Structures are given as structure tokens and as C-alpha cells.
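So the chains spell out like this:
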Amino acid sequence: MKFITKKALTVIAIFLYVFMSINVQAQGSISPVGLTCEYLENPLGIDVLKPRFAWELIANGENQRNLSQKAYQIIVSSSKELLLKDDGDVWNSGKVTSTESNQVGYNGKTLGSHTKYYWKVKVWDQSGKPSDWSNVATWLTGLFSPEDWQASWITWQPAPASGQKEDPHGSISPWLRKTFNLTDNTKEAIAYVNVVGYFELYVNGKKVGKDVLNPAVSDYAKRSFYLTYDIRPYLQKGKNCIALWLGRGWYDPEAGYRDTTRGPGARARVQVEMITNNKTTKVLSDETWKATSSPYITLGLYAWGNFHGEQYDARMENKEWNLASYNDSKWEHVRKASSPSPRTESQMCPASIERVRIEAKKITDLGEGRYEIDFGTNLSGSFGINLPRLKKGQTVKFYYADMKSSENLKGQYDVTIKVQDGKQESYQTFSQYDIYVASGMPNERFEMKFNYHGYRYVVVENLPSVPTTKDVEAHLIESDLKKVGSFSCSNELFNRIRDLNLWTIRCLDLGGYMVDCPHRERLGYGDGQVSIEASIMNFGMQSFYPKWSQDWVDVQDEKTGDLPHTAPTRTGGGGIGWGGAMQALTWRQYLYYNDKRILENNYEACKRYVESTESKTKDDILRREGNDPDGWSFIGDWLAPDRGMDAGNNPSPLANEFFNNCYRIYLMEHLAKMASILGKTAEQGEILQKLPKIRSDVHKAFYDENQQIYVIDEQPYYVMALMTGVVPENLRTTITRKLEDNILIKAKGHLNTGMLGTYFLINYLQKIGRNDLVYTIMNQKTYPGWGYMLEQGATTLWEAWNGYWSVIHSCYTSPGSWFHQGIAGINADESAPGFKKVIIKPSIVGDLTWAKASYDSPNGRIVSNWQREGTKLSMEVSIPANTTATVYVPTKDTAGITESGKLIGKTKGVKFLRMENNTTVYEIGSGNYNFQSNY
């Protein structure tokens, strides 16, 4: 064997170095990763004709700065083979000079229904050097037009027995099935499932997908959703069975105020498209499908305080019902049904899933076969229990409560139980209960399927022995949202408030909209606008909010442009701020995700709502209408401290009028912004021309010059006036001082705001740089405030500051935004939405000594950490590739500021902009930075 000489090794090393250098140069400094289509990774069933693409850019190497994209190229092909050959037979964008890596619209051939497409992207960096091609990504189109649906709508409901009437308080959850044969292995098998109500899909006995309580809720008078599943892994050669388990959900004519149906019972439409040896085979829902009753009945009317639960009759169990081998000859045929909705579209919002399972913390014997199961936390979801051996036909009842008390709580919505020592416990159930009828067989188990509860406690009746904590589980049901934010700081109370806030949001974000409470109403109230920032900074909401904003468009009055106070559920009390959720969702989806399409889609609806509101004014002032004597359609700031439903001390009609006039201006201001972005300059100008007079008229109508207040000496009325420019310039200092005095002196460091007022208070104080006041408010453990809730043992946020009535509610879910945007200072820049430009403006307030936060923006991870020791402040900032940031460094000594140990003037990529309110402001590009200053 010959050894390689030292000279030869040197030549090889030089060659490898040169080769690698050339390769790195060719590759460029950035690479595209994390490809998405319509916000989703490799999605199924996208029925958007011109979908939008996005990708993140990562640095090819460490400690690189000022990396950006100069151009991109997208190739879309009809097969993976063609894509790997760079053959874009569907679309080849060519090299496009653009920095956009988000919301990049498809512009190729017309897409076909039920077709899989393959795509990839390459980019050129700031120096013009190209990256390698990205990994291959895909999307499957859905069914674009009504003609693509060959399946029929089907339904089934058993006829009542002779002399028996249908029970309006319970609806069956039928089983449907269809068998078919496959002679060859399948190469592709896609199921499109379109149901009004809820469903579970089974193939050959196995449940398909992890989703529950789907599809998302919609206004069935306008649209229904279908979900798309890849069922190829579940199929087999020979005989197969596809089966549905249907549940009623909101789709029921007995639902009182939700009567938007076309007939009784759940309805379904299923279309399965399979390819076997290049041959297409279809299975379609039609009258050949079979059906029968399942053991489940949905209880209640799906109305206020009447959601009840489910009844499961285990005597009807049939574990073979969805197997291909089962003999269904005794089952009945389904019947065809009319279409329940004029429009069918793919469900683009996240499905609801069971992500968390919670074991019981304590089980208490209440006597007489009753047991209290305490899960230690409130949640929204289902419940499961392994039961002891029961007699056939024995009935076990489960009551669900979000709180309990030794005193009666609300009468008919309580279950009061005398416990063994002669005392009593009153459980706030809001009529939530389930019933289990035993089969008498061993190893029986009850688990909910097509309903959910809001609860912490479960009271079980008629159980022969105490269950163990291992026998019971609580299941949180939430939308399948990606976690995108992290935060912690030196104040443990703040960390606990944030956790409380986020857990509450997770209890409310199911069904494709933000419910107000899971037990009493389940309505999509406009309350949900106060949690938008808290949600966006912590969860991937980019496909959640477009769906909910469309719900608001759907429920808009076609003639007047007016909006109800909930969507898609259409009912409930409120004021103009509740319908304003449509515009809030639209604007913030644009601001945080650069989603211009939602502006284009919703602008006219937002404009019509503003016009509807303006049509109700008299002498430029919005007044409560005479046909609303109780004021339930003209609420202003709802549920301020000591103004709850139990207090009977609501703000005066005049206070509500002032609040709503300010909110009206708020709507107009944002509509003007939307008009500007969409190039509607004439409409923008018209709005801006009206606003000064409206502001002046509102000031004159409501300002008390002697007391220097707007109707009431309370925080929301100062904030609304200042925020919307109602306060004349010469009074702004006075009114700002009055607001500060109210917080620090009158309210003793607490807030006195309600649902909307709290949101606007936090955001306005943050905007004007008074995070010290937010800190003071947030740092309280006495009434009223979030710390008080925690001190009282709250595990979710309450409906009222004093805990009256619901204690799982959406009213005060606004503080979560302040931790990211106030303390850590991570903010979007309106001049370049979607965090294309980032604002880093931390708040060094109170006794905080450190904070750490990250946010996975559409362009990548943003980090803002800071720590102070004495007068020394250190800030760690990370900005993703292809973005820039404006960084505010708090300082008392501009000359001593350093970055990564060097004086700013000698640091690459840091540009001085200005001095502003004891901060030095810099512009930076992407990369990691460490600023140090004297503070």
C-alpha cells in the first residue's frame, strides 16, 4: 500500500478549500425553509384558486448580519419527478426581483380540482448569490365548484315508535356506513367530508385523524365546511368500509335562536377519490349507504344555559359497526337530503383537537353514591371515566361545574348536594350533565364525543364505589394552534398572569371562533377582539382569524350593513364595539401577517358597518335608539369593577353614548387606514375630512368643563377620549393627568375598566410610553385585577372582576399582549406589516430586573431579552433574515452605549437614528445583537 505524500495532501486540501469556497459562494448566505401554502405545511383540500406561498430564510453560517432576499424563483409542477428536473409545467415564476417571502401569490396555469401540486423555491441574497432549491413542498386542491361534488347529501333519523313523540331535548348521533371492494393496492385515496353538525370518520374500524368536534361552526344559512383526509393508510385489498359517526352540534331546528337549519338531524356528504393502477375509483354518499342509531344522544337545545351534554346507552354498543366484515343487513337505508347551505368550502381554520389530558387532583365521597372529582383547574373539553362493574340498565349521571360554594349560587343553574356531615355544596353547572346507561359488562367506559363542557368539578351520582384518580381524565379541547411565543420575567406574578391568560384563551379557541364561555352561551361575542394580540403573540392564529372574520361578514345585514353582537351565532346583547370585532380582526390580520387579501375581501363589509353606524347619528352624535329601552344593544364598556351583573350599577346611558361615539371614531380611523392601503384615496380623504368635526362635536356634547371629565371620572372614558383625538390639543395634558390621578390615587393603583376599556387602557398607555402605569395596575393582588383572581384561586379568567357567574370567560383576556409588546417591546411596524420591519422597544419598569421573550413571526424568530444590574442595562436582540428593526435602547448616557463590546460607531450594521425620551434609537438589519447602556 502506498502512502499519500505530504505534498499531495497539501494539494488535496487546497482543492477542497477552493471547491468548498466556490460552493458556499454559489449557495449564497441564506436558504429558504419552512414552506407554507395558505399558511399551512403541505395542506390537503385547499380550494383557493390563487393560493399564497411563504417561506422563512435562515443564515448559512453563524453570526451573520444584514441578510436579505433580493429575488426569488418558484417552480410548481404536476409531479415530483418534473419538479426535481426543474420543469415547472404548472408555473415557473422565473427570477423575480423582490424581497417578499410572505404572501407571495400563485400566478400560473388555472388549477384543477382534486389535484396534487409540487413546488419549491430558491432565493438570491443581498449580494445576488443564489441559494440551493428548497425541499419539495406540496398542496392538494379541494373541490372548487359545486359540479365537482358528485356525492349526494344524505341524512337519517329513526321514525318514533307508535304513539311516541320525538324528544326535542335530545338528538340521536347516528352511524352511517358504506362497503366497497378494492382489487388492487391504492396509490392515492382522498376523502372529502362535508357535514353540518359534528362527525368522526372511520375506515375499516379506525378513526381517521386526531380532530374532534369538527367541522368548525359556521352560519349554515351562508356556508358549510368540508374537511379533507388522506385515507390511503387505512385501506386494504378486498372489502373495505367507510363509516361516519354523526353528532348534531349547532345544526338543529330546535336550537331556539340558532334556527338557521333546513331540516332535522345532522346531514353529510362524502366523496372518496382513489387511484389504483392509474384507474380512478370513487365512493360517493348516496341512498345505498346504511344507517342506524348509535348509543349516543345529544342532550339539550344548544341554547343559553341549555347545552346539557350527552347520554350514552351502553346496551346499544356494537364494536363492529364500522368494520368491513360486519353484517349491516338489518340497518336502514339513508335518504337523500337537500343541501343545507348555499356555499360549501374547505375548512381552512385549524381543527379542534384534544391536546391535553388532565388527571384528577382529588376525589371526595359526598355520600349516597355521589362523588366529587376535582381536576384542580378549569377547562373546556370532554370527560372520560373507567367505570366499576354496574348492573345492566343502571344509570350514572355526571354534573359539571366551573365553581362551587357552600351557599346557593344562581338557583336553577346550580346542583345543590347535601354532603355527609350535614352541610351542603352548591355547584355552578349551567345545566351541564351527561348520562350513562350501563350494559352490565365488565370494563365499561364513558367518554364524551359530540359535546363539551366548561368545568373543574364533576359530581358523579349513583356510582357503587369511589373511582381512583387514575380512572378519570379531563380532556382539554382546543384549536390545533402552533405555539409561537415565549415570555418570562423577574416578576413571578406577571408570569402567573400570563399563564392564566393563555390557558383561558386555550379554553375558548375551539370551533373556529373565540367563544365567550364554554358552558352558558358558547357564542362568538365581539369580546374576542380584546385577546387578539395576546393570542397572536403566543399562538399561530394566521388561519384562525380569517375564518372568524368571514363569520362576521356572513352575519352582516345585507340591507342595512348592521352587525349582530356575535358571529357566527348571530345573537346576544352588546354595543357597536361588539360588531367592531369584524374590523378589529381584519386590520390586525393585516398588521401582524401582512395579509392584504383580507383587507380586499372585508373592506366593503367594514365600510358598510361604519355607514350603518353613521346613519343612526343625529347632529353628528350617536344616541341610544328608542326601540332599545333596556340598552342591551347599546352597551359601552361592559363589566367594569362594581358594575357587574350582580351590582345593578351599570354605566349611565350617557356614559355608554360617549364610549360608543369614541368607538365609532376608532372604527373610522382604521377604515381610513384600510382605504389608504387599498389605494382608495378618495374614500380615505372623505373619512379624514369628516373626523375633525366629529371629534369636536363629541367633545362638546360630553365634556364637563367644570369637572374636567367626560361623563364619568373613570379610566375608560379618559382613555377613549385621548385615544381617538376627541380631547382638544389644549386639554390633552390635563386629561392625561386626570387619567394618571385616577389610576394612582382614586383607584389606588388599580384599574376601573371593563371588557373593552381594559384592552384600550393597556394599549394606549403602552403607546404613549406609560408602561409604568400598566406595571402598577398589573402588579396588584387586591381587588380588582388579575392578581386578585389568582389570590382567590382562579385557574381561568372570570366574567366579572369579582367572580360573579361564569369563571371561564373571554372578557379580560387582554393582558397577555403587554408582556410581549410592553415589557419585552416586540411590536409590528405599520409601515411594513407582518414584521417585515420590527420595533424593539422594551420597558424597564418597576422592580423588574430581567425579561426574556421570543416570537416566531412570519419571517422567523424575533428575540428580545434584557437584564439590568444596578445602572447597567444589557439587551439581547435577534432579528430574522430579510427583516430590519428599529431598536430603542433605554439610556442616560448615549456616549457609553456599546454593542457586542464595541462602541456603536465601530459596530457593523447599527445605524443611529435619533434620541427620543431617554432612549437612543437605532436601525439594524438581521442578526444577533447585544446592546449595553447606562440606565
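Structure: above.
In this report, the structure presented in the accompanying data block is examined. (Residues numbered from 1 in each chain as written. Predicted model: local features only at pLDDT ≥ 70, side-chain atom pairs only at ≥ 80, totals over all residues. Heavy atoms only, no water.)

Spatial ordering of the open sheet is given by S42-S43-S47-S51-S50, a layout of five strands whose pairing is mixed. Edge strands, defined here as strands with exactly one partner in the open sheet, are strand S42 (826-828) and strand S50 (910-916). Across this sheet, the average inter-strand angle for adjacent strands is 25°, counted without regard to direction. Examined bridge by bridge, S50 and strand S51 (residues 919-924) share six bridges and lie antiparallel to one another. What sits directly across from Phe 912, in S51, is Tyr 922. (Pairing = 2+ DSSP bridges. Helix = DSSP H or I, 4+ residues; strand = E, 2+ residues; numbered from the N terminus. Axes fitted to C-alpha atoms, helices over the stretch in contact; angles between N-to-C directions.)

Within the secondary structure layout, Arg 732 lies in helix H12 (residues 732-746). Setting aside its immediate chain neighbours within four residues, Arg 732 contacts Leu 722, Gly 725, Val 727 and Tyr 764. (Contact = heavy atoms within 4.5 Å.)

Attention now moves to the nonpolar core. In summary, soluble globular proteins display a tendency toward joint burial of nonpolar side chains. Counting 201 residues, the largest nonpolar core has Phe 375, Phe 383, Phe 398, Tyr 436, Phe 446, Trp 786 and Phe 931 as its most contacted members. Broken down by element, the residue count for this core peaks at 13 residues, all from helix H9 (residues 653-677). Ignoring anything within four residues of it in the chain, the contact list for Phe 398 reads Phe 383, Ile 385, Leu 387, Gln 432, Tyr 433, Asp 434, Tyr 436, Phe 446, Val 458, Val 459 and Val 460. Within the second largest apolar cluster, 29 residues are counted, among which are Ala 189, Ala 191, Val 195 and Val 270. (Core = buried A, V, L, I, M, F, W, Y, C linked by side-chain atoms within 4.5 Å. Buried < 20%, exposed > 50% of the residue type's maximum accessible area, 1.4 Å probe, protein only.)

Here we take up the packing of H9 against helix H13 (residues 755-767). Remark: H9 packs on H13, axes separated minimally by 12 Å, with the N-to-C direction vectors making an angle of 50°. On the basis of the axis angle, H9 is oblique to H13. When you trace H9 past H13, the crossing you get is left-handed. Only Leu 756, Gly 757 and Phe 760 of H13 make contact with H9, whose side of the interface consists of Phe 659, Tyr 663 and Tyr 666. Partitioned by chemical class, the residues of the contact of H9 with H13 number five nonpolar, one polar and no charged. (Parallel < 35°, antiparallel > 145°, perpendicular 65-115°, else oblique. Left-handed = near helix turned anticlockwise from the far one by under 90°. Nonpolar A, V, L, I, M, F, W, Y, C, P; charged D, E, K, R; others polar.)

Moving on: the sheet that holds strand S30 (residues 403-405). A sheet is described by the order of its strands in space; here three strands give the open sequence S30-S32-S31, paired in antiparallel fashion. Because the sheet does not close on itself, it has two edges, and the strands there are S30 and strand S31 (414-418). Pairs of neighbouring strands in the sheet enclose a mean axial angle of 25°, with direction left out of account. Note: S31 against strand S32 (residues 424-428), five bridges, orientation antiparallel. Its bridge partner being in S32, Asp 414 is matched across the sheet by Gln 428.

In this section: the environment of Ser 294. With respect to the helices and strands, Ser 294 occurs in the loop between strand S20 (290-292) and strand S21 (296-299). When its relative accessible area of 3% is taken as the criterion, Ser 294 is described as buried. Here the alpha-carbon distance between Ser 294 and Trp 175, two residues 119 residues apart in the chain, equals 5.7 Å. Residues within four places of Ser 294 in sequence aside, it is in contact with Ser 173, Pro 174, Trp 175, Trp 245 and Met 316. Engagement of the side chain of Ser 294 in a polar contact is seen with the backbone oxygen of Ser 173, the distance being 2.3 Å. Engagement of the side chain of Ser 294 in a polar contact is seen with the side chain of Trp 245, the distance being 3.0 Å. (Polar contact = N/O pair within 3.5 Å; in protein donor to acceptor, adjacent residues only side chain to side chain.)

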